[in-house]
Amino acid sequence: MIRLGVIFGGKSGEHEVSLMSATSVLKAIDRNKYTPVMIGIDREGNWKLYEGDVDHIEDGSWEKTAVPLPVDDLKKTAEIFLPIVHGTYSEDGTLQGLLEMLDIPYAGCGVLASAAAMDKLIAKSLFKQEGLPGCRYTGVIMSQFREEDVPKIAEAVGGYPCFVKPANMGSSVGVSKASDEKELLDAIWEAGKFDRRLIVEEGLNIREVETAVIGNDEPIVSVAGEITPSAEFYDYTAKYFDGGQSKLTVPANIPEETAEKIRDYAKRAYKALDCAGFARVDFFVEKDTGEVYINEINTIPGFTKFSMFPVLFGASGIAYPELIERIVDYGYERYNIKNSR
């Protein structure tokens, strides 16, 4: 049996989401093939080994019985690791860099892809270089931002409405929609609580369509799925705390030509950022014109029971336990190739 270390928690604002995702993954793991090793990171960044009931992870009570785990001992606990952590200090390449330094096999994207995908400004620049269509956007550096800049920022993205996001956050944390100058100013200050760099994007009349990808050099792309959010847009609450009221339509009710275009764009974007293992690629489909725009790549997508990633591959013929197994195998493949040179 393979000792599979599942890493969850973390210092980011998406700590709770990670606990939810990891709980789902741990319940789905094939116990005939893997012995799960539960490794949590608390909000202060302390690593802990947890050996209790899986159900206590999601409510946070796992910390009461977990014991400190020196980072130097990580390699002794498991044979390969599956990071199920979201946001800064985890999904952004920092955790992957630590595992690389410790010469520990892990599943998922490496340092470069994780860092590039997490930074929305960098990712959009790389997508543009690859020739992938995207909506209008502009960057804001908070140390240089002045209130009188607001009209110019709005003009750069075509006016209102527009969306403001931290450049380095996920799960729609800190995201706001602005319909006028005051709302844009408030949205910038709000997003600025989470990052020193922001991205402002034009607001289009869109449908939100996503696809999932697994693999290394020869990625496999799932069917496309559409999200109809329970809120005005697919914000943090709608994603994880609306009790499943946001509607997932899989496969998406879009023309086959559009679906194929999305799958092609997803594969190209995955390769452009040198992704590995697994990721979810998000798109906008303009309601009036049918035009497709790439939005972002999530290198550690949500794995909760409401999450699109496992649902998309389930509809593509790969069940949850097999999906995890493939992702782990891709991690081994990547590690072995890198260390056989």
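Residues numbered from 1 in each chain as written. Predicted model: local features only at pLDDT ≥ 70, side-chain atom pairs only at ≥ 80, totals over all residues. Heavy atoms only, no water.

Caption draft 1: Molecular detail of the packing of aromatic side chains. Scanning the entire structure with this criterion turns up eight aromatic pairs. Note on Phe 8 and Trp 62: the rings are 5.0 Å apart at their centroids and 80° apart in plane angle, and the pair reads as edge-to-face. Taken together, the residues span a long stretch of sequence, with Phe 8 in strand β1 (residues 2-9) and Trp 62 in the loop between α2 (55-58) and β4 (67-68) at a distance of 54 residues. With a relative accessible area of 0%, Phe 8 lands in the buried category. (Phe/Tyr/Trp six-rings, centres within 6.5 Å; stacked < 30°, edge-to-face > 60°. Helix = DSSP H or I, 4+ residues; strand = E, 2+ residues; numbered from the N terminus. Buried < 20%, exposed > 50% of the residue type's maximum accessible area, 1.4 Å probe, protein only.)

Caption draft 2: Structural detail: the nonpolar core. One finds Leu 82, Ile 214, Phe 303, Phe 309 and Ile 327 to be the most contacted residues of the largest nonpolar core, which totals 52 residues. At six residues, the largest contribution of residues to this core is made by helix α12 (residues 320-338). Leave out the neighbours within four places in its chain, and Ile 214 touches Pro 219, Ile 220, Tyr 270, Gly 277, Phe 278, Phe 309, Phe 313, Ile 318, Leu 323, Arg 326, Ile 327 and Tyr 330. Ala 123, Leu 132, Ala 279 and Val 292 belong to the second largest nonpolar core, which has 28 residues in total. (Core = buried A, V, L, I, M, F, W, Y, C linked by side-chain atoms within 4.5 Å. Contact = heavy atoms within 4.5 Å.)

Caption draft 3: Geometry of the environment of Ile 220. As for its position among the elements, Ile 220 is in strand β11 (residues 220-228). Exposure remark for Ile 220: the relative accessible area of 33% places this residue in the partly exposed category. In sequence terms Ile 220 and Phe 313 are 93 residues apart; their C-alpha atoms lie 9.9 Å from each other. Setting aside chain neighbours within four positions, we find Ile 220 in contact with Ala 212, Val 213, Ile 214, Phe 313, Arg 326 and Tyr 330.

Caption draft 4: Representation of the packing of helix α1 (residues 15-28) against α12. At a minimum axis distance of 9 Å, the contact between α1 and α12 shows a crossing angle of 100°. On the basis of their axis angle, the class for α1 and α12 is roughly perpendicular. The segment α1 lies against α12, with Ser 24, Val 25 and Ala 28 engaging Tyr 320, Pro 321 and Ile 324. In terms of residue class, the contact of α1 with α12 is made up of five nonpolar, one polar and no charged. (Axes fitted to C-alpha atoms, helices over the stretch in contact; angles between N-to-C directions. Parallel < 35°, antiparallel > 145°, perpendicular 65-115°, else oblique. Nonpolar A, V, L, I, M, F, W, Y, C, P; charged D, E, K, R; others polar.)

Caption draft 5: Inspection of helix α4 (residues 94-101) at higher detail. Among the residues making up α4, those that are buried are Leu 95, Gln 96, Gly 97 and Leu 99. The positive-phi residue at the C-terminal boundary of α4 is Asp 103, with phi of around 55°.

Caption draft 6: Up close: the sheet that holds β1. Taken together, the five strands give an open sheet; going across it, the order is β4-β3-β2-β1-β5, and neighbouring strands pair in mixed fashion. Of all strands in the sheet, those bounded by a partner on one side alone are β4 and β5 (80-83). Across four bridges, strand β2 (residues 34-41) lies against strand β3 (residues 47-50) in antiparallel orientation. Residue pairing for β3: Met 38 is matched across the bridge by Tyr 50. Relative to the sheet, α1 contacts β1, β2 and β5, its axis offset from that of β1 by approximately 155°. Taken strand by strand, α12 contacts β1, β2 and β5, and its axis lies near 120° from that of β5. (Pairing = 2+ DSSP bridges.)

Caption draft 7: Quick peek at the sheet that holds strand β8 (residues 176-178). As summarised here, the arrangement of the four strands in space is β6-β9-β7-β8, forming an open sheet in which the pairing is antiparallel. In this open sheet, the two edge strands, each paired with only one partner strand, are β6 (137-141) and β8. For this sheet, the mean inter-axis angle between neighbouring strands, taken without regard to orientation, is 25°. Pairing of strand β7 (residues 162-166) with β8, which is carried by three bridges, proceeds in the antiparallel orientation. Bridged to Phe 163 within β8 is Lys 177. Each of β6, β7 and β9 (197-202) is contacted by helix α6 (residues 120-130), which is oriented at about 50° to β9, the strand it contacts most. Those strands touched by helix α8 (residues 181-191) are β7, β8 and β9, and its axis lies near 15° from that of β7.

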